[in-house]
Amino acid sequence: MASTGVAALLALSACSSSKGSSSEDSGSSAHGTPKPSGTVTVFAAASLKESFTTLGRKFERQHPGTRVTFSFGGSDTLAASITNGAPADVFAAASARTMATVTDGKDAAGTPVTFARNQLEIATPPGDPHRISSLRDLTRPGLKVVLCDKAVPCGAAARKALDASHLKLTPVSYEQDVKSALTKVELNEADAALVYRTDVKAAGGRVRGVGFPESAEALNDYPITLLKNAPNATAARAFIELVTSAEGRRVLTRVGFLKP
């Protein structure tokens, strides 16, 4: 009887030891799912800079030992970099059309998910020196207006809004991303720019935002995807989960994004 009891205790001890080593594995959770670690590289549209920077800090706090690095810019430029082999884990674009560059190139892992929408506003210098209150006002002679390049999502959206209004204007420059267009107004190098409402909000008192009804014709969907050759797929999936979660949506709506 005593030998039977000893054998049982040894078996129980071995079982307990096995469970303990599994739960203490630094690379896995208690359920066997790998824990995010290391650096996750995110390529994201310039208009996501403020919200994604906040989400990156949240992600690093939630997953000690991780680091999120961002490359912000025009979605078309980022998409071209990805299809040319630039190492990245996640791509968040400012339009479905730009994301298609990556999916058509077979560089996305799975189907992109739309996580937010954005709407255009007119950015003018504070104080409304040129009394701009509508999209039609931008066609006034002598007014210096800046648009995003037509290949960039904010430029394509501006073109849609202008076409819907049957308006034509000749900008003084086409910018490669929305932040560059906004900067022209902030530096008084332009009287107005068509940018996203999120960028107007991020600029605070440095610019004034003017809404216009035609912007409803040019809403931009923002998709996000894991990239096929992601160097850190585990952390990338976790970051995408945060962006698409209720917590992520709160961060995005706080800076002016619309729900998808």
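Our subject in this report is the structure included herewith. (Residues numbered from 1 in each chain as written. Predicted model: local features only at pLDDT ≥ 70, side-chain atom pairs only at ≥ 80, totals over all residues. Heavy atoms only, no water.)

1. Digging into the packing of aromatic side chains
All chains considered together, the criterion is met by nine aromatic pairs. Pairing Phe52 with Phe239 gives two aromatic rings, centres 5.7 Å apart and planes at 80 degrees, and the pair type is edge-to-face. Highlighted residues: Phe52 in helix α2 (residues 49-62) and Phe239 in helix α8 (residues 233-244), separated in sequence by 187 residues. The same class applies to Phe52 and to Phe239, which are both buried. Three or more aromatic residues joined by ring pairs make a cluster, and in this case those are Phe52, Phe59, Phe70, Phe72, Phe115, Tyr196, Tyr222, Phe239 and Phe257. (Phe/Tyr/Trp six-rings, centres within 6.5 Å; stacked < 30°, edge-to-face > 60°. Helix = DSSP H or I, 4+ residues; strand = E, 2+ residues; numbered from the N terminus. Buried < 20%, exposed > 50% of the residue type's maximum accessible area, 1.4 Å probe, protein only.)

2. Some points on the sheet that holds strand β9 (residues 208-210)
Reading across the sheet, the five strands line up as β7-β6-β8-β5-β9 and stay open at both edges, with mixed pairing between neighbours. Looking at the sheet topology across the chains shown, the edges are occupied by β7 (173-175) and β9. Pairwise comparison of adjacent strand axes, ignoring direction, gives a mean angle of 35 degrees for this sheet. With four bridges joining them, strand β5 (residues 120-124) and strand β8 (residues 192-196) adopt antiparallel strand pairing. Along β8, the bridge assignment pairs Glu121 with Val195. Contacting β5, β6 (145-148), β7 and β8, helix α5 (residues 153-164) crosses the sheet at an angle of about 120 degrees to β6. Those strands touched by helix α6 (residues 178-186) are β5, β6, β7 and β8, and its axis lies near 145 degrees from that of β8. (Pairing = 2+ DSSP bridges. Axes fitted to C-alpha atoms, helices over the stretch in contact; angles between N-to-C directions. Contact = heavy atoms within 4.5 Å.)

3. Considering the pattern of salt bridges
Per the stated rule, a full pass over the model turns up nine salt bridges. Glu50 is paired through a salt bridge with Lys179; the nearest N and O atoms lie 2.9 Å apart. Pair noted here: Glu50 is in helix α2 and Lys179 is in helix α6, with a separation of 129 residues, a long-range link. Look at Lys179 and you get buried, because its relative accessible area is 18%. The residue Lys58 makes a salt bridge to Glu247 at a minimum N-O spacing of 3.5 Å. Of this pair, Lys58 sits in helix α2 while Glu247 sits in helix α9 (residues 246-254), and the two are 189 residues apart along the sequence. Among the ionic contacts, a cluster of salt bridges with common partners joins Glu50, Lys179 and Asp199. (Salt bridge = Lys/Arg side-chain N within 4 Å of Asp/Glu carboxyl O.)

4. Remarks on the packing of α2 against α8
It is the contact of α2 with α8, at a shortest axis distance of 10 Å, that shows an interaxial angle of 120 degrees. Between α2 and α8, the crossing angle belongs to the class labelled oblique. Here α2 runs over α8; the crossing is right-handed. Contacts between α2 and α8 involve Phe52, Leu55, Gly56, Lys58, Phe59 and Gln62 from the former and Ala235, Ala238, Phe239, Leu242 and Val243 from the latter. In terms of residue class, the contact of α2 with α8 is built from eight nonpolar, two polar and one charged. (Parallel < 35°, antiparallel > 145°, perpendicular 65-115°, else oblique. Left-handed = near helix turned anticlockwise from the far one by under 90°. Nonpolar A, V, L, I, M, F, W, Y, C, P; charged D, E, K, R; others polar.)

5. Considering the side chain of Ser215
Residue position: Ser215 is located in the loop between β9 and β10 (220-227). A distance of 2.8 Å separates polar atoms of two side chains, one belonging to Ser215 and the other to Gln119. In this structure, Ser215 is in contact with Gln119 and Leu120, ignoring residues within four places of it in sequence. (Polar contact = N/O pair within 3.5 Å; in protein donor to acceptor, adjacent residues only side chain to side chain.)

6. Quick notes on empty space enclosed by the protein
All chains considered together, the criterion is met by two cavities of 30 Å³ or more. By volume, the largest cavity is sized at about 60 Å³. For the largest cavity, the lining is made up of 13 residues, of which Ala45, Ala46, Ala94, Val152 and Val178 are closest to its centre. Its residues assigned to classes, the lining of the largest cavity shows eight nonpolar, four polar and one charged. The volume enclosed by the second largest cavity comes to roughly 30 Å³. Leu147, Cys148, Lys150, Gly155, Ala158, Arg159, Leu162 and Tyr174 together form the lining of the second largest cavity. (1 Å grid on protein atoms, 1.4 Å probe; cavity = no way out; pocket = protein on both sides within 12 Å on 5 of 7 lines; lining within 4 Å. Points joined across faces, edges and corners; volume = space filled by probe spheres on them.)

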